[in-house]
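Residue-level structure breakdown
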Amino acid sequence: YYSYETLVSGGIIGYVKNSEVIVTNCENSGSVSSGDSADYVYSGGIIGYGSGSRTSVKGCNNSGSITAVSSTYTSYYYTYSGGIIGRGATEISDCTNSGTIKADAYNAHSGGMVGYDCDTVTGCNNYGDISCGYGSGGMVGCSCSAIANCNNSGAISSDLYAGGIIGETSNCNIIKCTNYGTIE
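Calculation notes
Residues numbered from 1 in each chain as written. Predicted model: local features only at pLDDT ≥ 70, side-chain atom pairs only at ≥ 80, totals over all residues. Heavy atoms only, no water. Pairing = 2+ DSSP bridges. Helix = DSSP H or I, 4+ residues; strand = E, 2+ residues; numbered from the N terminus. Axes fitted to C-alpha atoms, helices over the stretch in contact; angles between N-to-C directions.

The sheet built from 6 strands is open, its strands ordered S1-S6-S11-S15-S19-S23 with parallel pairing. Bordering the open sheet on either side are strand S1 (6–10) and strand S23 (161–163), each of which pairs with just one other strand. Shown here is a sheet whose adjacent strand axes are inclined to one another by a mean of 5°, direction ignored. Sheet topology places strand S6 (residues 40–44) next to strand S11 (residues 79–82); 4 bridges connect them, and they run parallel. Along S11, the bridge assignment pairs Tyr42 with Tyr80.

Below, the structure is given as structure tokens:
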């Protein structure tokens, strides 16, 4: 735990706290899971939660299964899972996910690269299946400024919002991206 009701797990780094972190050419092949009774749950293949002024991941790969689960089923709490980062990144570039990504909670988002909150995703590929109860995307579950030159081949499923590139967004530029996966 890094705070009372939050649980964070990452294949390389669990939690980045208010600092500049650049992770380059790392790989996770192990299963990463967080959750059960915590209100805020974040899981990522490389980083669980990147809460900082600049968190960048470049040239990294995840092939492990990533799961975030919360038994606290209210709209006030959040559960995020991502093949590269669960929540919060400035930049994700030239990364690949082939692991299965799942977020299970009332307000859950999951993505091949990031579950929630990323400035830019470029040159990335997702081959893993992505699922959750709220917003699932081949690259991003929810909230990203720009996604460019990315491809999704995994199956994407969600109870509410599912997209081959992004599950839910209000402002996002998507440039030269392709989806080959099934959307449910």
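Let's pick the thread back up.
To continue, consider unusual backbone geometry. With phi around 55°, Asn25 is a residue other than glycine that occupies positive phi space. With respect to the helices and strands, Asn25 occurs in the loop between strand S3 (20–24) and strand S4 (27–28). The backbone of Asp117 sits at a positive phi, close to 75°, despite the residue not being glycine. Relative to the assigned elements, Asp117 resides in strand S16 (residues 114–122).

Strand order in the open sheet made by the 6 strands is S4-S9-S13-S17-S21-S26, with parallel pairing throughout. Only two strands of the sheet have a single partner each, and these edge strands are S4 and strand S26 (178–179).

Honestly, that's just the spatial picture; any functional story needs more than this.
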